[in-house]
Amino acid sequence: VAEGYLPAMERFYDISGRRIITEKRFSSVKEMISQEASESLVFADNFFEYLGSATPVMMCIAMKESVGVEELNMLIEIFERPEFRKLKEANIELSNDIASANKEVDEKFDKWLKSKI
């Protein structure tokens with residue numbers, strides 16, 4: 001990974017809200033694993049911790065040829081503006097609502113499925 005690109009990607013990963021959204025998704029999967037196979041939770045914790053720290057590097061590898069560091073820095077400047085912070089917070093809230101609704105649907109489906117067995 002080119003020097004200087006990873007720090008910009010890590011900053012973008014944070015400021016864009018992608019870190020929070022990714023971590024929420026990991027938490028949802030870990031919660032599901034703990035309910036179904038608690039013995040796998042230690043493995044899942046370690047895996048998601050590694051994956052979370054590796055995500056900015058994977059984003060660098062995927063985006064390096066198509067998004068330059070200057071463009072990435074411009075995106076960071078845009079995401080740091082107050083209006084985009086509000087948009088990010090709204091997106092995170094929406095993601096939380098979607099995750100909650102998905103969990104409720106899964107629980108209802110599980111209950112329905114168990115009643116049919």
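Up top is the structure.
Here the structure is a predicted model, which means the values were calculated and not measured. (Residues numbered from 1 in each chain as written. Predicted model: local features only at pLDDT ≥ 70, side-chain atom pairs only at ≥ 80, totals over all residues. Heavy atoms only, no water.)

(A) Representation of the nonpolar core in the model. Among the nonpolar cores identified, the biggest contains 13 residues, and Tyr5, Met9, Phe12, Met59, Met63 and Leu72 are the most heavily contacted of them. For this core, the elements supplying multiple residues, two or more each, are helix 1 (5-15), helix 3 (41-63) and helix 4 (69-79). With 6 residues, helix 1 is the largest single contributor of residues to this core. In contact with Tyr5, not counting residues within four places along its chain, are Cys60, Met63, Lys64, Val67, Gly68, Val69 and Leu72. (Core = buried A, V, L, I, M, F, W, Y, C linked by side-chain atoms within 4.5 Å. Buried < 20%, exposed > 50% of the residue type's maximum accessible area, 1.4 Å probe, protein only. Helix = DSSP H or I, 4+ residues; strand = E, 2+ residues; numbered from the N terminus. Contact = heavy atoms within 4.5 Å.)

(B) Spotlight on the packing of aromatic side chains. As enumerated under the stated definition, the model contains 3 aromatic pairs in all. A connected cluster of aromatic rings, assembled from ring pairs, spans Phe12, Phe79 and Phe84. (Phe/Tyr/Trp six-rings, centres within 6.5 Å; stacked < 30°, edge-to-face > 60°.)

(C) Quick look at a nonpolar patch on the surface. On the surface, Phe109, Trp112, Leu113 and Ile117 cluster together to form a nonpolar patch covering roughly 470 Å² of accessible area. You can see Phe109 is positioned in helix 5 (residues 82-116). On the basis of relative accessibility, which here comes to 46%, the residue Phe109 falls in the partly exposed class. (Patch = residues over 30% accessible without salt bridge, like charges linked within 9 Å, V, L, I, M, F, W, Y side chains within 5 Å. Areas by Shrake-Rupley, 256 points an atom, 1.4 Å probe, with all protein chains shown as cover. Salt bridge = Lys/Arg side-chain N within 4 Å of Asp/Glu carboxyl O.)

None of the figures reported here should be taken as evidence of function without further support.
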